[in-house]
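# Fold and contact review
Each chain, letter by letter, is given below.
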Amino acid sequence: MATQRVPVIEKIMDANDQVASMNKKKLDESNIFAINLMASPGAGKTSLILRTIRTLSPDLRVGVIEGDTAPVTIDADKVLAEGMPAVQINTGGECHLDAVMISNALEQLPLDSIDLLIIENVGNLICPAAFQLGTHVNVLIASVPEGDDKPYKYTNIYRGLDVLIINKIDLLPYISFNMDYFRQGVELLNPGLITFPLSCTTGEGIAEWTAWVRSQVEKRKSQNA
Amino acid sequence: MHELAVTESILSIAKRHAEQAKARRVTDIYIVMGNLSSIIDDSVQFYWDIISDGSICSGATLHFQRIPAQAVCLDCDHQYSLQERLSPCPACGSAKIKIVNGEEFYLDSIEIER
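The structure presented is a predicted model; accordingly, all values stated were derived computationally and were not measured.

Within chain A one finds eight helices and eight strands. Rg of the C-alpha trace for chain A: 18 Å, near the compact-globule value of 17 Å for 225 residues, within the 12% margin. Dimensions along the principal axes, computed over C-alpha positions, put chain A at roughly 70 × 40 × 40 Å. By the burial criterion, 45% of the 225 residues in chain A qualify as buried. Of the contacts formed within chain A by residues at least 6 apart in sequence, a portion of 78% connects residues at least 24 apart.

Bringing the overall build of chain B into the picture now. Across its full length, chain B holds two helices and six strands. Secondary structure elements of chain B, listed N to C terminal, follow the sequence α-β-α-β-β-β-β-β. A globule of 114 residues ought to have a C-alpha radius of gyration of about 13 Å, yet chain B, at 18 Å, is considerably larger. For the C-alpha atoms alone, the extent of chain B along its principal axes is close to 55 × 30 × 15 Å. Contacts in chain B between residues far apart in sequence, at least 24 positions, make up 73% of those at least 6 positions apart.

The terminal C-alpha atoms of helix α1 (residues 3-20) of chain B, which comprises 18 residues, lie 26 Å apart, in line with the 26 Å expected from a rise of 1.5 Å per residue. All of the buried residues in α1(B) are B:Glu3, B:Ala5, B:Val6, B:Thr7, B:Ile10, B:Leu11, B:Ile13, B:Ala14, B:His17 and B:Ala18. Against the buried residues of α1(B) lie β1 (3-11) of chain A together with β1 (25-34), α2 (41-51) and β6 (105-113) of chain B. At the exit of α1(B) stands B:Lys22, carrying a positive phi of roughly 55 degrees.

For an interface, size is often stated in terms of accessible area lost upon the parts coming together. Contact with chain A, which involves 27 residues of that partner, is made by 29 residues of chain B. For the side of chain A that touches chain B, the secondary structure elements donating two or more residues are β1, α6 (155-159) and α7 (179-189) of chain A. For the side of chain A that touches chain B, the class distribution of residues is 16 nonpolar, six polar and five charged.

Residue and element names in this part refer to chain B. Taken in spatial order, the three strands make up an open sheet running β4-β3-β5, and their pairing is antiparallel. The sheet is open, and its two edges are formed by β4 (79-81) and β5 (97-101), each paired on a single side. Looking at each pair of strands side by side, their axes are set apart by 35 degrees on average, direction ignored. In this sheet, β4 lies alongside strand β3 (residues 70-73) in antiparallel orientation, the contact comprising three bridges. Bridged to glutamine 70 within β4 is serine 81.

A:Ile119 and B:Ala14 are the most contacted members of the largest nonpolar core, which totals 89 residues. The dominant element in this core, judged by the number of residues it contributes, is α1(B), at seven residues. Ignoring sequence-local partners within four residues, the contact set of A:Ile119 consists of A:Ala34, A:Ile35, A:Asn36, A:Leu37, A:Ile65, A:Leu97, A:Ile102, A:Leu133 and A:Thr135.

Right, let's talk about the packing of helix α1 (residues 14-29) of chain A against helix α4 (residues 99-107) of chain A for a bit. When two helices pack together, their arrangement is given by the angle between their axes and by how far apart the axes lie. Residue and element names in this part refer to chain A. Relative orientation of the contacting elements α1 and α4 amounts to 30 degrees, with a least axis distance of 8 Å. In terms of orientation, α1 lies roughly parallel with respect to α4. In terms of crossing hand, the pair formed by α1 and α4 is left-handed. In this structure, α1 contributes Asn16, Val19, Ala20, Met22, Asn23 and Lys26 to the contact, and α4 contributes Ala99, Val100, Ile102, Ser103 and Leu106.

Time to look at the sheet that holds β1(A). Here four strands make up an open sheet; going across it, the order is β1(A)-β6(B)-β1(B)-β2(B) and the pairing mixed. The strands lining the two open edges of the sheet, one partner per strand, are β1 of chain A together with β2 (61-67) of chain B. The mean inter-strand angle of the sheet, taken between neighbouring strand axes irrespective of direction, is 20 degrees.

Residues and elements named next belong to chain A. With six of seven residues buried, strand β3 (residues 62-68) is to be regarded as a mostly interior element. By the bridge criterion, five bridges tie β3 to strand β5 (residues 116-120) in an arrangement that is parallel. The partner of isoleucine 65 across the bridge, within β5, is isoleucine 119. The sheet contact formed by β3 and strand β4 (residues 86-90) spans five bridges and is parallel. Opposite aspartate 68, over in β4, you have asparagine 90 as the bridge partner. For the crossover from β3 across helix α3 (residues 74-81) to β4, the handedness is right-handed.

What counts and what doesn't
Residues numbered from 1 in each chain as written. Chains lettered and ligands numbered in written order. Predicted model: local features only at pLDDT ≥ 70, side-chain atom pairs only at ≥ 80, totals over all residues. Helix = DSSP H or I, 4+ residues; strand = E, 2+ residues; numbered from the N terminus. Rg over C-alpha atoms; globule rule 2.2 N^0.38 Å. Buried ≥ 20, exposed ≤ 12 C-beta atoms within 10 Å, placed from the backbone. Contact = placed C-beta atoms within 7 Å. Expected span 1.5 Å × (residues − 1). Nonpolar A, V, L, I, M, F, W, Y, C, P; charged D, E, K, R; others polar. Pairing = 2+ DSSP bridges. Axes fitted to C-alpha atoms, helices over the stretch in contact; angles between N-to-C directions. Core = buried A, V, L, I, M, F, W, Y, C linked by C-beta atoms within 7 Å. Parallel < 35°, antiparallel > 145°, perpendicular 65-115°, else oblique. Left-handed = near helix turned anticlockwise from the far one by under 90°. Right-handed = clockwise from strand over helix to strand, strands pointing away.

Laid out in structure tokens, this is it:
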């Protein structure tokens, strides 16, 4: 039987990207600045979120979406303990959050009483890079103990970043981590990337990071005022 | 790791276009993939055989066309191919580069029987 070629030319991630645009629209309508926070497990995502909340509240109201592969609420509970709204997403073993999961989670958050939304992605440096969520910025935490070669190994995630955080800088004296080598790798992938070296343990660098977040929230509010 | 979600997306795009074209069956699917996309073709093929079963796309062969990665230097405009690792501009040594090819990931076309 004769076959026929049908042209398609459709991006394979298009369905996710469309839902992501809808999420962004919804966030914009509510004047919320949203961050997609990615990192490997143990890099300090939850610690940074808690530090950020403590520094910015009560001036800013922060909402959090916690992504985890297991049905636990450990992280969401910590955020709720700070008096901020949190939704836990259990991805059921999936290695990343996608735009549909965020769309469902947004339904459960009091969007009118939030200025800043932080989405804690699943701890993974590969899969989250492929799925846009509809946030305004993609932020990665690289932590010193992970090693200085990560930009060279996980190129996709570094290329899609708007901000890089280097956490656990208090450990630099004890760990063989060549900051120049690390930064050179980042520069190749993402020239001029905004970077905040900090420590969630000592608090060093937290003020610079939270000042940046605050400026982004205020910029958005004044644009839409 | 996320190949299942990707394969489901390929299936849904292919089914939609097959139905629009009033196909009886899809025999081939042509996918274009840049060398920088972190997708493993073997895993996509593995999931494909399972999830396309019983659909209009059941038994269709997946073809992957790989696009080599290329970068252009933002300082001297030199264009060069990237091997496994991102490397600075071989002409002037600058680290300010931009990826121009290798990030593609789309369904190019399908082959159908009516």
